[in-house]
Amino acid sequence: MNTVLENRTLRIALSVLFALIVCLSPLTALTASADYQPPREIIELWKQNHHLIGAISIPRAGINYPILQHPTIDDYYLNICFDGTEGYPGSIYTNKVEGQNFSTWNTVIYGHNMKDGSFFGSLKNFLDADYLASHREIDIYAVDAKHVYDIFAVVIYNDRRITDYFPDDNYAYRQGFLQSLAEWGLEGSIFLTDVEVSTDRPIITLSTCISGMHDNRLLIVASERG
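Residues numbered from 1 in each chain as written. Predicted model: local features only at pLDDT ≥ 70, side-chain atom pairs only at ≥ 80, totals over all residues. Heavy atoms only, no water.

S.K.: What's the story with the nonpolar core in this structure? I'm lost.
M.R.: Where a protein is soluble and globular, its nonpolar side chains tend to be buried together. Core analysis: the largest hydrophobic core is formed by 30 residues, its most contacted members being I56, L123, F126, I138 and L206. The set of elements that each furnish at least two residues to this core consists of β1 (52-58), β2 (63-68), β5 (137-142), β6 (146-158), β8 (203-210) and β9 (213-224). The leading source of residues in this core is β6, at 4 residues. Those residues in contact with I56, other than ones at most four positions away along the chain, are I63, N64, Y65, I67, I92, F120, I138, D139, I140 and L206. (Core = buried A, V, L, I, M, F, W, Y, C linked by side-chain atoms within 4.5 Å. Buried < 20%, exposed > 50% of the residue type's maximum accessible area, 1.4 Å probe, protein only. Helix = DSSP H or I, 4+ residues; strand = E, 2+ residues; numbered from the N terminus. Contact = heavy atoms within 4.5 Å.)

In structure tokens form, the structure reads like this:
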């Protein structure tokens, strides 16, 4: 089997696997607690790749993927697939500055904008206000907790590395990032005001490239439910 076919087969298998988590697992009702047990599917995937730190699901948006993090090399999984093969589509991943349990204030999650709509290729749909209105929830199934987030911004941003410009350990930088979304966001960005957002409540930022806009990134920013 060639590499392209192997990667496509893996994508299909993972999508089905995490769809089962969302549709069948009783863990959909859990919140972060000492009694949390990670989904069995995550445990099985971790056995295949110990760099697994969780999974992301956006209900009805076709995004159901494992999240990886290399312990020492930033952007390692940009072009490394879950099974270790090199090339597209790479993996959904975070960098080591984020930690591994989604407890930092702003966890930035990266993924390729694939032409077939897989991985973060479907994030461009969120630039449509009607689509966004019915796809506001992002679920993260971590190893030690489940986190639920509500989207409050869809931003056509610049290509600066967010964690370099806005370190999480400084409240002024946290506020600076929130302000930058409006100040640096280009026409077409969407901002919602019905979600509680603060420098004390954790957020996640999904980041992907934009076709034809090499100096920009599309950001989906969501605040964790209290």
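S.K.: Explain the pattern of salt bridges to me, please; I cannot follow it from the model alone.
M.R.: A side chain of one charge can pair with a side chain of the opposite charge if their charged atoms are brought near each other. The final tally for this structure, using the stated rule, is 9 salt bridges. Between D150 and R225 there is a salt bridge whose closest N-O contact spans 2.9 Å. One end of the pair, D150, is in strand β6; the other, R225, is in the segment after β9, and 75 residues separate them in sequence. The class of D150 is buried, set by a relative accessible area of 18%. (Salt bridge = Lys/Arg side-chain N within 4 Å of Asp/Glu carboxyl O.)

S.K.: Explain the layout of surface pockets to me, please; I cannot follow it from the model alone.
M.R.: Rolled over the atoms, a probe as big as a water molecule pinpoints where empty space is left. Of the pockets and cavities examined, the largest pocket occupies roughly 310 Å³. Looking at the largest pocket, it is lined by 17 residues, and the ones nearest its centre are D75, Y93, Y110, S207 and R217. Taken together, the elements giving at least two residues each to the lining of the largest pocket come down to β6, β8 and β9. Along the lines of polarity and charge, the residues of the lining of the largest pocket split into 7 nonpolar, 5 polar and 5 charged. Lining the second largest pocket, in full, are Y88, H112, N113, M114, K115, C209 and S211. Within the lining of the second largest pocket, the residues separate by chemical class into 3 nonpolar, 3 polar and 1 charged. (1 Å grid on protein atoms, 1.4 Å probe; cavity = no way out; pocket = protein on both sides within 12 Å on 5 of 7 lines; lining within 4 Å. Points joined across faces, edges and corners; volume = space filled by probe spheres on them. Nonpolar A, V, L, I, M, F, W, Y, C, P; charged D, E, K, R; others polar.)

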